[in-house]
Amino acid sequence: MGEMLVLIDHNDGQPRKVSLQMLSAATKLAAEAGQTVSAVWLGEGGADAAAVLGEHGAAKLYHWDSPDAFAYVTLPQVDALEAALSASGADTLLFASSNHVKDVAARLAIRVDGGVITDVTDLAVGDGGRLHATKEVFGGDLITTSKVADGKVALFGVSPNAFPVEASGGSAPETVALDVTLSEAATAAKVTSVEKVGSADRPDIGEAAIVVAGGRGLGNEQGFELMEQLADVIGAGVGASRAATDAGWYPHRYQIGQTGRTVSPTLYLGAGISGAIQHRAGMQTAQHIIAVNKDAEAPIFQIADFGVVGDLYKVVPKLIEELQTRKG
Amino acid sequence: MKVIVPVKRVPDTAGEKKLDPNDRTVDRDGVESVLCPVNEFSIEEAVRLKEKHGAEVTVLLIGPDSAQPIVRKALSYGLDAAVQVTDDAISGSDALGTARVIAKALESMEWDLVVFGNQSADARTCLVPAAVGELLGVPSLTFARYLEVNGDEVVVHREHEEGWDVVSAQLPALVSVVEAINEPRYPSFKGIMAAKSKPLTVKSLADIGVDDGAVGLGAASATMYEFEPRPPKSAGTIVDDDGSGAAAAQLADWMAEKKFV
Ligand SMILES: Cc1cc2nc3c(=O)[nH]c(=O)nc-3n(C[C@H](O)[C@H](O)[C@H](O)COP(=O)(O)OP(=O)(O)OC[C@H]3O[C@@H](n4cnc5c(N)ncnc54)[C@H](O)[C@@H]3O)c2cc1C
Ligand SMILES: Nc1ncnc2c1ncn2[C@@H]1O[C@H](COP(=O)(O)O)[C@@H](O)[C@H]1O
């Protein structure tokens, strides 16, 4: 029986939410295609995570328990995935469609003659068990279906929150240690330090089920403290428009939009954001959209499920109070 | 030091984008084409390398004749020369196909550092720089929010969700930059005038040693076979606040009803 591989994206020894979402989706797809799901864990900590990966459908776990995986840029992970593909004979791999992992997929595709589809929001089993991928392009204006050419290894970059997490209740997977020999090229680009400056308690906007975002209407950097307070009441991540990141009010990695990040949370709340086309390109796939803006004509109201026309400095503090009361 | 900046032509980000229903490639007739805005940042970084290290900077664009104004636009920032690879067979290439053409073009040029944008504003795959790195067997230090060249070493801060990694490699190397890296300046009048006479070499696939069959729509490793517009959204509830913030209560009710609290 063939194997479908899922590359587990992890942080501090824990699989990220998107990894469990991918495993849950792969479990259904693999069953339909007559395959089984194998997780791939690169770097230390794979064995410790085996149980949770099994609960979400992994029948097998390929792991490479080495600090080298992230000590050099991209290539060790490519070497290890090449080993995982050859050990499993798989022709399909799901990976988290985030920036650094896309690099790994791009290089892997060149090496193994594969095709890559990034930012996938849905997958279905097509003829011959090959997967077909749904992807939104032009900032969500068009919904497309694509597939990787027959005979090529298919690499699918899965967007966060595209699939629900569903535990299948499986037992711990069979674990297979990957035999990885690093190529000389793999150690050419060194990672000399890792700077983590994000909040440990606040979810990243890529993963968060709720994202609150602030724009030029905040007027200053302190406005983001208000947005963070709001975020922390509802467990949201905090994002920003380009006007706000350009002004230096919030770091660029939280910029949502065409030249920033794409978020697809279940709820997006924008305050002091006009909803320019380039901003919408990064958030209009959110399931529910809330807008707070003092200008009733702001384009964001056209895509809002709930809009408040008013001063955010009046509405947001009140909203924080109201939400706190409802939480009890 | 020799630096190459690959740049892309894209439909204006503010315009409505369409796909050609026949070949499902971007329909460029209806909207104005521009230099990919992300490349304004890679060009600015190259200009800084010129100022700091006396780098000689060449623009590289893969695209048809009609993209030539975009090459001139890139030159107007004060860059030295340009190479454009133009060939009917390239039409419909996917990211990996484009990467193959860029890699072969780079093999036919002299360089120490290549500065990409982290993504193109239309395709947004982010795949091209790393794929080119793999094809050429050189490091790709992507998503740079900071870039520094010291002798024959390049140091980059690679942005990620939680912050950044400090990484380094020996030249030759590829980097891609994110918007946070700098604040692009506008081309000067002098630069715009000078761009008209900067050397531009147009090459065909044969010139750079690429087989026609290796690229284009037919060779694409991933193909789109269906597309449909996003279904329109039904109108939402819009409430006017009376100036006191009281409307927040209605919003909180709505959020509670949808189980967000
Ligand atoms: C190539 C290109 C790429 C781009 N990429 C991106 C991108 O990735 N992401 C992005 O966001 N933008 C991007 N932009 C910029 C985009 O076009 C807009 O300029 C930007 O999104 C505007 O940000 P904003 O909504 O915060 O500011 P504005 O458009 O200035 O809107 C501010 C809003 O705040 C409201 N407001 C002011 N004060 C208050 C108050 N007290 N209470 C309530 N409301 C208030 C105003 O009514 C206004 O609607 C890009 C632009 C280009 C050309
Ligand atoms: N047709 C092209 N010609 C030259 N450079 C390109 C082309 N397409 C993409 N690039 C480069 O690759 C970067 C990343 O694009 P992408 O991988 O398509 O998101 C861009 O910022 C450009 O530097």
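Residues numbered from 1 in each chain as written. Chains lettered and ligands numbered in written order. Predicted model: local features only at pLDDT ≥ 70, side-chain atom pairs only at ≥ 80, totals over all residues. Heavy atoms only, no water.

(A) View of the sheet that holds strand 6 (residues 113-117) of chain B. Taking strand neighbours across the sheet as the criterion, the 10 strands line up as 12(A)-9(B)-8(B)-7(B)-10(B)-6(B)-1(B)-4(B)-5(B)-11(B) in an open arrangement whose pairing is mixed. Strands with a single pairing partner mark the edges of an open sheet, and in this sheet they are strand 12 (190-196) of chain A together with strand 11 (200-203) of chain B. Each strand of the sheet is rotated relative to its neighbour by a mean of 30 degrees, with strand direction disregarded. In this sheet, strand 9 (residues 163-170) of chain B lies alongside strand 8 (residues 153-160) of chain B in antiparallel orientation, the contact comprising 8 bridges. Bridge pairing in strand 9 of chain B links Glu-159 of chain B to Trp-164 of chain B. (Pairing = 2+ DSSP bridges. Helix = DSSP H or I, 4+ residues; strand = E, 2+ residues; numbered from the N terminus. Axes fitted to C-alpha atoms, helices over the stretch in contact; angles between N-to-C directions.)

(B) Local environment of helix 2 (residues 68-75) of chain B. Among the residues of helix 2 of chain B, those classed as buried are Ile-70, Val-71, Ala-74 and Leu-75 of chain B. All buried residues of helix 2 of chain B fall inside an arc of 145 degrees around its axis, so they share one side. (Buried < 20%, exposed > 50% of the residue type's maximum accessible area, 1.4 Å probe, protein only. Arc of directions from axis to C-beta.)

(C) Local environment of the pairing of strand 4 (residues 36-42) of chain A. Residue and element names in this part refer to chain A. Counting buried positions over the 7 residues of strand 4 gives 6, a clear majority of the element. Here strand 1 (residues 3-7) pairs with strand 4 via 5 bridges, running parallel. Looking at strand 4, one finds that Leu-7 is bridged to Val-40. Here strand 4 pairs with strand 5 (residues 60-64) via 5 bridges, running parallel. Along strand 5, the bridge assignment pairs Ala-39 with Leu-61. Handedness of the crossover joining strand 4 and strand 5 through helix 2 (residues 46-55) is recorded here as right-handed. (Right-handed = clockwise from strand over helix to strand, strands pointing away.)

(D) Geometry of helix 3 (residues 75-88) of chain A. Residues and elements named next belong to chain A. Counted at 1.5 Å a residue, the expected span for helix 3 with its 14 residues is 20 Å, and the 20 Å between its end C-alpha atoms agrees. The buried fraction of helix 3 is high, at 11 of 14 residues. At the exit of helix 3 stands Gly-89, carrying a positive phi of roughly 70 degrees. (Expected span 1.5 Å × (residues − 1).)

(E) Examining the site of ligand 1 more closely. The full set close to ligand 1 counts 26 residues, and Arg-216, Ser-241, Ser-274, Gln-278 and Asn-293 of chain A are the nearest of them. Residues near ligand 1 are shared among chains A and B, making this a multi-chain site. One of the backbone N or O atoms of Gly-260 of chain A is found 3.3 Å from an oxygen atom in ligand 1. Here His-279 of chain A contributes a side-chain N or O atom positioned 2.8 Å from an oxygen atom of ligand 1. Those elements giving two or more residues to the shell around ligand 1 turn out to be helix 6 (242-246) and helix 7 (277-280) of chain A. Taken together, the residues of the shell around ligand 1 sort by class into 6 nonpolar, 15 polar and 5 charged. (Near = heavy atom within 4 Å. Polar contact = N/O pair within 3.5 Å; in protein donor to acceptor, adjacent residues only side chain to side chain. Nonpolar A, V, L, I, M, F, W, Y, C, P; charged D, E, K, R; others polar.)

(F) Quick look at the site of ligand 2. All names here are of chain B. In the neighbourhood of ligand 2, 19 residues make up the surrounding shell, with Pro-6, Val-7, Ile-62, Ser-120 and Val-128 lying closest. Within the contact set of ligand 2, an oxygen atom lies 2.7 Å away from a backbone nitrogen or oxygen of Pro-6. The contact in question runs from an oxygen atom of ligand 2 to an N or O atom on the side chain of Asn-39, over 3.3 Å. A total of 480 Å² of accessible area belongs to ligand 2 in isolation, and the protein chains cover 97% of it. Looking at the shell around ligand 2, the elements with two or more residues in it are strand 4 (56-62), helix 3 (95-107), strand 6 and helix 4 (128-136). Sort the elements by how many residues they give to the shell around ligand 2 and strand 4 lands first, with 3 residues. (Areas by Shrake-Rupley, 256 points an atom, 1.4 Å probe, with all protein chains shown as cover.)

(G) Region of interest: the packing of aromatic side chains. Residue and element names in this part refer to chain A. For the coordinates displayed, the defined rule picks out 3 aromatic pairs over all chains. Aromatic side chains Phe-224 and Tyr-250 sit 4.3 Å apart centroid to centroid with 10 degrees between the ring planes, which places their arrangement in the stacked category. Within this pair, whereas Phe-224 is found in helix 5 (residues 223-234), its partner Tyr-250 is found in the loop between helix 6 and strand 15 (267-271), the two being separated by 26 residues in sequence. With a relative accessible area of 12%, Tyr-250 lands in the buried category. (Phe/Tyr/Trp six-rings, centres within 6.5 Å; stacked < 30°, edge-to-face > 60°.)

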